[in-house]
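Residue-level listing of the chains:
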There are 2 protein chains.
Amino acid sequence: MNSPQPFSDDQFARYYRRRTLELWPEDGDPLDRLARHALLPQGKLLRPRLFLLCMAALGGDPGQAAALAVALEGHHTASLVHDDLIDGDAERRGRPSVPAGFGATQALLGGDAMLCRYFADLAEHRLEGVGPRRQLDFIALVGSTGVEVCRGQLLEERLRGDLDCGTDAYLAMVTMKTAALLRGTCLAAALLTGAAPAVAEALADYGEALGIAFQIRDDLLPYRDEGARRAAGKPSRSDLRNLRPTLPVLLAMERAAPRQARRLRRLVPRAGRGPRALGELTALLRELGALDGAAGLLRGHAERARGRLAALPAGEHRERLAALARTVEVF
Amino acid sequence: MNSPQPFSDDQFARYYRRRTLELWPEDGDPLDRLARHALLPQGKLLRPRLFLLCMAALGGDPGQAAALAVALEGHHTASLVHDDLIDGDAERRGRPSVPAGFGATQALLGGDAMLCRYFADLAEHRLEGVGPRRQLDFIALVGSTGVEVCRGQLLEERLRGDLDCGTDAYLAMVTMKTAALLRGTCLAAALLTGAAPAVAEALADYGEALGIAFQIRDDLLPYRDEGARRAAGKPSRSDLRNLRPTLPVLLAMERAAPRQARRLRRLVPRAGRGPRALGELTALLRELGALDGAAGLLRGHAERARGRLAALPAGEHRERLAALARTVEVF
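What you see is a predicted model; the values in this text were computed from it and never measured.

Chemist: Help me out: how do you make sense of the overall build of chain A in this one?
Modeler: Looking only at helices and strands, chain A has 16 helices and 2 strands in total. The C-alpha radius of gyration of chain A comes to 20 Å, within 12% of the 20 Å expected for a compact globule of 331 residues. Overall, chain A is about 65 × 50 × 30 Å in size when its C-alpha atoms are taken along their principal axes. In chain A, the share of contacts with a sequence separation of at least 24, taken over all contacts with a separation of at least 6, comes to 74%. Carbon and sulfur atoms make up 49% of the accessible area of chain A, which totals about 12,900 Å². Each charge class in chain A was averaged separately, 46 positive and 41 negative side chains, and the resulting centres sit 4 Å apart.

Here is the structure:
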């Protein structure tokens, strides 16, 4: 794995599409149709691209691992199908969500089938330069990362509706729910390329900090202008409507006088449903410095992510990893 | 793998319990608690026992594969957690189902976590005598079997409420939904022991026919006496209540005069809710010969299963596989 092949974002997007249609062919079968709806047109492909970029930065051959990258995106998409079911979200990437378009039972079974299909795929696609033992380690890592993400989501369920849970509980939850996925993605690349433990750990930290930064950015999304919300391609107020813990609200609660706290409690659920209450909530969060506070924490995690990249070999790929962390900051 | 170790049902049940508590320790974590509730006390452990029995019958060492057998049961249990969510069943194995005891969102995420955990486990537990390549094949087989089962369940969803779908559509559905799991279980044992293709195929057919027989037995359960229904440990009328296609009803519809068909349409949904309508339905099914007809088909599949065992080496383990098929017949 010493001569990295060029594997651009465009090349990967084309490969992703081709592979997805191989796995879920256009043959009228209801499961194939459901999976294609969930997977195509594709989202930003953040996780697989991060994985391939890490591979390249560590001197591996991203082209060889493209099928694994597709499977990582498949797992992530399966979990989104189940998330939309949990949250009752009717839209995803500007089209009906799988539960809205196919039904709740179908979304549940379809997500399960996708999970199983992509685990099978991780085992079926043999990596010549890597060897079967390391491939087994890879599958074990993907599986245990999935467990961690579910643990984070279950913790989030316990915090749901509790505006007093505090930012520490929030960070513990987000570290599992969101950051574990990017941490695992980076670790998977380190594992496949046989990176030294210190390098693997630095890259894992990069992924974790990046994941927390992404989550905070998502939390800030409802308070941004229409254009930014549309660009995100997901229902930005779903978290508020579902009373999920989000950083700006929790920061505001920590800073609020009793009267402001009462207003927050009243506004948060209503802000998930209508623009007027959202406007009032935005003004109150700004007044309490919670939007600036959350943005500051976001920057801190993004900077921490970039800092950890010093452990990697300098070069174009490391620069792209640093740039990815910067795009989160200038959200 | 030439000297099979003794590994009795009791030994396996103890191992299953110990391993389950290792994987989901009693530490107060909500996911661990949910998984233990789903997995312990255990069910009949049909799938892992069938797997170990097939291993032994093919000259393999069941003791070495016990961790894989636990993972197979884990996958099956995860799918039951999701099934109870789909069907709204409040009870499983004489205790509250996971959705009833922990909530719908928790059941969804808990089932996902269990699926991921046991795929990780299939990769983490290294089989000395088998080699990593074959272990990857094993994971691929488990994953693609899972996809097949979901396809069968999705087909069942399409047939739901359609009393005229016919027994052919029913058998196609059951072959995927139920029989694919036992077929895959038997194939997995053949794969691990490196059985000759003809032997593997015969054993796979045995598993498939056995699976169909088990499903027909389940379908006949609501019409049996209280003792038999209790022994099954699951809500026997859930399929009727949920208007799922079941063989006795479909056979009856194929034989019914228009007036009887109208009565069937009226009775089936009500039989899922109350004992009186169930009594009337039972009498009508008997009158139309549908209960005898279904029992005859059950026997036919069980006999087919036993017939395919001729391809296996004679001995105690083959006898136990034959006995398993006989226990379904004398249901």
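Additional details are given in the paragraphs that follow.
Chemist: It is not clear to me how the relation of the copies chain B and chain A should be interpreted in this structure. Could you clarify?
Modeler: Take chain B, turn it by 180°, move it 0.0 Å along the axis, and it overlays chain A with an RMSD of 0.0 Å. With respect to symmetry, the two chain copies, as superposed, fit the operation of a two-fold axis. Within chain B, the C-alpha atom positioned nearest to the axis of rotation is that of P132 of chain B, 2.8 Å from it. Most of the interface of chain B is mirrored in chain A: 100% of its interface residues are interface residues there too.

Chemist: Would you mind going over the interface of chain B and chain A with me for this structure?
Modeler: Interface size, as often reported, equals the accessible area lost upon joining of the parts. The interface of chain B with chain A comprises 39 residues on the first partner and 39 residues on the second. Overall, the association of chain B and chain A removes approximately 3,900 Å² of surface from exposure, summing both partners, and the carbon and sulfur fraction of that is 75%. When the area that chain B buries against chain A is broken down by residue, the three leading residues are L109, L136 and L154 of chain B, summing to 17%. Ionic pairing is found between R151 of chain B and D29 of chain A, a salt bridge with its closest N-O pair at 2.6 Å. Between the two partners, chain B and chain A, sit 8 residue pairs in polar contact (both at pLDDT 80 or more). Contributing elements (two or more residues each) for the side of chain B that touches chain A: α2 (30-39), α4 (66-87), α6 (104-124) and α7 (132-159) of chain B. Take the side of chain B that touches chain A: its biggest share by element is 17 residues, from α7 of chain B. For the side of chain B that touches chain A, the residue count by class is 20 nonpolar, 8 polar and 11 charged.

Chemist: Would you take a moment to explain unusual backbone geometry for this structure?
Modeler: If a residue is not glycine, its phi is most likely negative; likewise, a peptide bond is most likely trans. Residue and element names in this part refer to chain A. Cis geometry is found at the peptide bond from L40 to P41, where omega equals -15°. By the element assignment, P41 lies in the loop between α2 (30-39) and α3 (46-57). For L243, which is not glycine, the phi dihedral falls at a positive 55°. Within the secondary structure layout, L243 lies in the loop between α11 (238-241) and α12 (247-255).

Chemist: So what exactly am I meant to see when it comes to helix α14 (residues 275-287) of chain A here?
Modeler: In an α-helix, one turn spans 3.6 residues; hence positions three or four apart end up facing the same way. Residue and element names in this part refer to chain A. In a regular helix each residue adds 1.5 Å, so 13 residues correspond to 18 Å; α14 covers 18 Å between its end C-alpha atoms and thus fits that length. Looking only at α14, the buried set comprises A277, L278, L281, T282, L284 and L285. When α14 is viewed along its axis, its buried side chains cluster within an angular range of 170° and face the same direction. Turned more than 90 degrees away from the buried face of α14, the exposed residues are P275, R276, R286 and E287. In this structure, the buried side of α14 is in contact with α11, α12, α13 (258-271) and α15 (290-308). Just beyond α14, the residue with positive phi is G289, at close to 75°.

Chemist: Would you explain the pattern of salt bridges in this entry?
Modeler: Two side chains of opposite charge can pair, provided their charged atoms sit close to one another. In this structure the tally under the stated criterion is 50 salt bridges over all chains. A salt bridge links E280 of chain B to R263 of chain B; its shortest N-O distance comes to 3.6 Å. Of this pair, E280 of chain B sits in helix α14 (residues 275-287) while R263 of chain B sits in helix α13 (residues 258-271); the two residues are 17 residues apart in sequence, bridging distant segments of the chain. For R263 of chain B, a relative accessible area of 28% corresponds to the partly exposed category. One continuous salt-bridge network, built from bridges that share partners, spans D87, E156, E157, R160, K177, D239 and R244 of chain A.

Chemist: Would you take a moment to explain the environment of R255 of chain A for this structure?
Modeler: Residues and elements named next belong to chain A. The topology assignment puts R255 in helix α12. Note: C-alpha distance between R255 and A290 (35 residues apart in sequence) is 8.2 Å. Once residues lying within four places of it in the same chain are set aside, the contact partners of R255 are Q260, L288, G289, A290 and G293. At a separation of 3.3 Å, a polar atom in the side chain of R255 contacts the main-chain carbonyl oxygen of L288.

Chemist: What exactly am I supposed to notice about the packing of helix α1 (residues 9-23) of chain A against α3 of chain A here?
Modeler: If you want to describe how two helices pack, look at the angle between their axes and the distance between the axes. Residues and elements named next belong to chain A. At a minimum axis distance of 11 Å, the contact between α1 and α3 shows a crossing angle of 125°. One way to sum up the angle between α1 and α3 is to call them oblique. Seen along the crossing, α1 lies across α3 with a hand that is right-handed. Residue-level contacts link D9, F12 and A13 of α1 to P48, R49 and L52 of α3.

Chemist: How should I be thinking about the side chain of R244 of chain B in this particular structure?
Modeler: Residues and elements named next belong to chain B. Take R244: it is sitting in the loop between α11 (238-241) and α12 (247-255). Under the relative-accessibility criterion, R244 is labelled buried at 8%. Setting aside residues no more than four positions away along its own chain, R244 makes contact with I86, D87, E156, E157, R160 and D239.

Chemist: I keep staring at a positive patch on the surface and nothing clicks. Help me out?
Modeler: Residues and elements named next belong to chain A. A cluster of basic residues, R259, R262, R266, R270 and R276, forms a positive patch on the protein surface. The element contributing the most residues to the positive patch is α13, with 4 residues. Its location among the elements puts R262 in helix α13.

Chemist: Teacher, can you tell me more about the domain arrangement of chain A here?
Modeler: Residue and element names in this part refer to chain A. According to the domain assignment, chain A contains domain 1 (1-129) and domain 2 (132-331). Summarising the inter-unit geometry, the C-alpha centres of domain 1 and domain 2 are found 21 Å apart. Across the boundary between the two partners, domain 1 contributes 34 residues, which contact 39 residues of domain 2. Here domain 1 packs against domain 2, burying approximately 2,800 Å² in sum over the two surfaces, 69% of which is carbon and sulfur. Looking only at domain 1, the three residues that lose the most surface to domain 2 are L50, L53 and L58, adding up to 22% of its buried area. Scanning the region where domain 1 abuts domain 2 turns up 3 salt bridges. Here D9 makes a salt bridge to R320, at a shortest N to O gap of 3.4 Å.

Each value, and the rule that gives it
Sequence positions are assigned chain by chain, starting from 1 and proceeding in written order. Both sets of labels track the order of writing: A upward for chains, 1 upward for ligands. Given that this is a predicted model, residues contribute local features only at a pLDDT of at least 70 and side-chain atom pairs are listed and counted only at 80 or more, while totals for whole chains, interfaces and linings are drawn from all residues. Side-chain numbers come from the whole structure's heavy atoms, not from hydrogens or water. Think of it this way: any DSSP run of H or I at least four residues long counts as a helix, any run of E at least two long counts as a strand, and we number them from the N terminus. In this treatment the radius of gyration is a C-alpha quantity, and the globule benchmark scales as 2.2 Å times the residue count to the 0.38 power. In what follows, residue pairs with any heavy atoms lying within 4.5 Å of each other are defined as contacts. Calculation of accessible area relied on Shrake-Rupley with a 1.4 Å probe; when residues are assessed, cover is drawn exclusively from the protein chains displayed. Residues counted as positive are Lys and Arg, residues counted as negative are Asp and Glu, and His and the chain ends are not counted. In plain terms, the charge of a residue is placed at NZ if it is Lys, CZ if Arg, CG if Asp and CD if Glu. The least-squares superposition of copies is restricted to C-alpha atoms, and to residues with a pLDDT of at least 70 in both copies. Using a 1.4 Å probe, buried area is obtained as the accessible area two parts lose upon being combined, added over both of them. Each salt bridge in this description consists of a side-chain nitrogen of Lys or Arg and a carboxyl oxygen of Asp or Glu lying within 4 Å of one another. Polar contacts, as used here, are pairs of N or O atoms within 3.5 Å; protein pairs need one atom able to donate a hydrogen and one able to accept it. Residues neighboring in sequence count only if both atoms are side-chain atoms. Put simply, Ala, Val, Leu, Ile, Met, Phe, Trp, Tyr, Cys and Pro go in the nonpolar bin, Asp, Glu, Lys and Arg in the charged bin, and everything else, Gly too, in the polar bin. One fewer than the residue count of a helix, multiplied by 1.5 Å, yields its expected span. Only protein chains enter the area calculation, which uses a 1.4 Å probe; residues under 20% of their type maximum are buried, those over 50% are exposed, and those in between are partly exposed. Throughout, the arc means the angular range of directions from the helix axis out to the C-beta atoms. Fitted lines through C-alpha atoms give the axes, limited to the stretch in contact for helices. The angle between two N-to-C directions lies from 0 to 180 degrees. An angle below 35 degrees is read as roughly parallel, one above 145 as roughly antiparallel, one from 65 to 115 as roughly perpendicular, and any other as oblique. Two helices that cross are described as forming a left-handed crossing if the nearer one is turned anticlockwise from the farther one by less than a right angle, and a right-handed crossing if clockwise. Patch members must show over 30% relative accessible area and no salt bridge, and they are joined within 9 Å when carrying like charges or within 5 Å when they are nonpolar side chains of Val, Leu, Ile, Met, Phe, Trp or Tyr. Domain delimitation in this document rests on an assignment produced automatically or drawn from a domain database.

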